[in-house]
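Given next are the chains, with one letter for each unit.
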Amino acid sequence: MDDVKFGEILLPGDEDTQSRREQTVRKKFWPTFKKAVRQIPFTRDVVAAFYCAMDPQTPTRVRGVLLAALAYFVMPIDMIPDVFAVIGFSDDIAVLSAAFAMVSRHLQPRHYEAADRALADKPEGMKTI
């Protein structure tokens with residue numbers, strides 16, 4: 001997996017791929033986020049990206065990119081295993097940063113408002129919209 005490029009990881013995929021990724025992200029996002037929250041410097045953006053990816057008004061290609069990045073974030077096997085303190089989430093952060101750069105204009109105020117509510121109401125507020 002060392003030779004995998006971020007561009008390959010962030011391919012939006014077809015409808016079936018997006019559907020599988022969405023199910024995985026919905027199921028594993030909050031548990032993974034809770035483990036990583038102290039190691040991610042932009043937690044608000046990650047949560048806003050989650051809400052943007054779950055928003056049916058978000059364009060399909062943007063949802064696909066975000067779901068790919070979030071699926072990479074929640075998967076237990078990746079380039080640098082998350083169990084390694086400090087560096088374990090560095091590859092996840094890089095993938096998420098690349099995804100944000102690609103789709104940042106689609107992260108709407110409503111996604112950040114939902115993120116703010118979820119972060120303020122931890123852990124009960126950490127629910128899918």
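Residues numbered from 1 in each chain as written. Predicted model: local features only at pLDDT ≥ 70, side-chain atom pairs only at ≥ 80, totals over all residues. Heavy atoms only, no water.

### Overview of the packing of aromatic side chains
1) Next: On inspection of all chains with the given rule, the structure shows nine aromatic pairs.
2) Next: Each ring, one from Phe 29 and one from Phe 33, has its centre 5.7 Å from the other, and the planes form 20°; the classification is stacked. Here Phe 29 and its partner Phe 33 are both found in helix 2 (residues 15-36), four residues apart, which amounts to about one turn of the helix.
3) Next: The exposure class assigned to Phe 29 is buried, which follows from its relative accessible area of 0%.
4) Next: Overall, the relative accessible area of 1% leaves Phe 33 in the buried class.
5) Next: Ring centres 5.5 Å apart and planes at 80° place the aromatic pair Phe 42 and Phe 100 in the edge-to-face group. Here the residue Phe 42 occupies a position in the loop between helix 2 and helix 3 (43-54), and Phe 100 occupies one in helix 5 (residues 90-103), the gap between them amounting to 58 residues. Accessibility assignment for this pair places Phe 42 and Phe 100 in one class, buried. (Phe/Tyr/Trp six-rings, centres within 6.5 Å; stacked < 30°, edge-to-face > 60°. Helix = DSSP H or I, 4+ residues; strand = E, 2+ residues; numbered from the N terminus. Buried < 20%, exposed > 50% of the residue type's maximum accessible area, 1.4 Å probe, protein only.)

Note that every value here comes from positions in space, so none of it alone points to a role or purpose.
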